[in-house]
Amino acid sequence: MSRVSLEGQVAVVTGAARGVGELLARKLSARGARVALVGLEPDVLEQVCGRLHGDSDHWYADVTDHEAMARVAREVRERFGRADVVVANAGVATGGPFVDSDPESWRRVIEVNLVGSAVTARAFLPLLLESRGYLLQIASLAAITPAPMMTAYCASKAGVEAYAHSLRAEVGYRGVRVGVGYLSWTDTDMVRGADQQDVMRELRQRLPWPANRTYPLGPAVDRLVAGIERRSSHVYGQWWLRGMQGVRGYLPGVIGSVGQREMRRFADRLAGMRTGLVGAGGAADERQRVTHRE
């Protein structure tokens, strides 16, 4: 598919304070897009905004808050006049045995990754319908294959993949294209935060190649940018993820069998694992919720 120039287009990126969101905003800006950053850390977002190449702005909002996201959409329209690209990137993760998981953190992963993505789309679809634009939903390898110790994350990413595929059929005839972006373990604060737990790190290292590697952020984001330019239905941050689509039907059975063996190996080390959200983004989300309750 031919590429669409991003020069002068308005791109909205959620979860833009760091990691995939931050670098994606920088690369979109470098290609001439005007960028609207959305996240929970206004000071960090302001710093990111200051490093962008062209016109940009930032908004503080929790993606699970429909009223807040509707306000952001209105203000983006007022500030930029339109929205051509929306990247639903905001996400959090937690790891550990489900039976010992913190119910609030588990639920929060579903709320941010799945519900927050739908709230984002609901708020911005009117603008995308006007511009005949593009919505890129960031999913994960976790949408393709289940994994023990990652029940909330896998559930949220499988859900958001299915939701985005359904939405594509609904809005495609009205000129809006919807894509799903898949990333394996990529060098972000979230992945580094998960790796601080010895069991999670060692379990991941025991995965078969190439799923046992941590991949550099830059090339993965370059692939996302190319997917945005092409308005692609599927975007793969690592080359081999495309091939996983052909075997995904077999993976639950394989993981169910092999995973039991791995869990038995680590069983005596599971007690006392931290069950909160991981990484700097998870910490920011937890701070925001504490502040909101107060």
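Residues numbered from 1 in each chain as written. Predicted model: local features only at pLDDT ≥ 70, side-chain atom pairs only at ≥ 80, totals over all residues. Heavy atoms only, no water.

Draft legend 1. Spotlight on the overall build of the protein. From N to C terminus, the protein includes 11 helices and seven strands. The C-alpha radius of gyration of the protein comes to 19 Å, within 12% of the 19 Å expected for a compact globule of 294 residues. Its C-alpha atoms put the protein at 55 × 50 × 30 Å along the principal axes. Counting only residues that meet the buried cut, the protein has 53% of its 294 residues in that class. The contacts of the protein with a sequence gap of at least 6 include a subset with a gap of at least 24, amounting to 72%. When the accessible surface of the protein is totalled, it reaches about 13200 Å², and 52% of it is carbon and sulfur. Computed over 38 positive and 32 negative side-chain charges, the inter-centroid distance for the protein is 8 Å. (Helix = DSSP H or I, 4+ residues; strand = E, 2+ residues; numbered from the N terminus. Rg over C-alpha atoms; globule rule 2.2 N^0.38 Å. Buried < 20%, exposed > 50% of the residue type's maximum accessible area, 1.4 Å probe, protein only. Contact = heavy atoms within 4.5 Å. Areas by Shrake-Rupley, 256 points an atom, 1.4 Å probe, with all protein chains shown as cover. Lys, Arg positive; Asp, Glu negative; His and termini not counted. Charge placed at Lys NZ, Arg CZ, Asp CG, Glu CD.)

Draft legend 2. Just the packing of helix α3 (residues 66-80) against helix α4 (residues 103-131), in detail. Their axes nearest at 8 Å, the elements α3 and α4 cross at an angle of 25 degrees. In terms of orientation, α3 lies roughly parallel with respect to α4. Relative to α4, the crossing made by α3 is right-handed. In contact with His66, Met69, Ala70, Val72, Ala73, Val76 and Arg77 of α3, α4 contributes Val119, Thr120, Arg122, Ala123, Phe124, Leu127 and Glu130. Per-class residue counts for the contact of α3 with α4 are nine nonpolar, two polar and three charged. (Axes fitted to C-alpha atoms, helices over the stretch in contact; angles between N-to-C directions. Parallel < 35°, antiparallel > 145°, perpendicular 65-115°, else oblique. Left-handed = near helix turned anticlockwise from the far one by under 90°. Nonpolar A, V, L, I, M, F, W, Y, C, P; charged D, E, K, R; others polar.)

Draft legend 3. Representation of the sheet that holds strand β2 (residues 34-39) in the model. Across the sheet, which stays open at both edges, the seven strands sit in the order β3-β2-β1-β4-β5-β6-β7 with parallel pairing between neighbours. Strands with a single pairing partner mark the edges of an open sheet, and in this sheet they are β3 (56-60) and β7 (234-236). Mean inter-strand twist for the sheet, computed between neighbouring axes without regard to direction, equals 15 degrees. (Pairing = 2+ DSSP bridges.)

Draft legend 4. Structural view of the side chain of Asp84. On the secondary structure map, Asp84 appears in the loop between α3 and β4 (85-88). On the basis of relative accessibility, which here comes to 3%, the residue Asp84 falls in the buried class. Polar side-chain contacts of Asp84 include one of 2.8 Å to the backbone nitrogen of Val10. A polar contact of 2.5 Å, which involves the side chain of Asp84, links it to the side chain of Arg82. When neighbours within four sequence positions are excluded, Asp84 is seen to be in contact with Gln9, Val10, Leu128, Ser131, Gly133, Tyr134 and Arg231. (Polar contact = N/O pair within 3.5 Å; in protein donor to acceptor, adjacent residues only side chain to side chain.)

Draft legend 5. Here's a closer look at unusual backbone geometry. For the peptide bond that leads from Trp209 to Pro210, omega is 10 degrees, which places it in the cis range. Within the element layout of this structure, Pro210 appears in the loop between α7 (198-205) and α8 (217-230). Look at Arg132: it is not a glycine, yet its phi comes out positive at around 55 degrees. On the secondary structure map, Arg132 appears in the loop between α4 and β5 (134-138).

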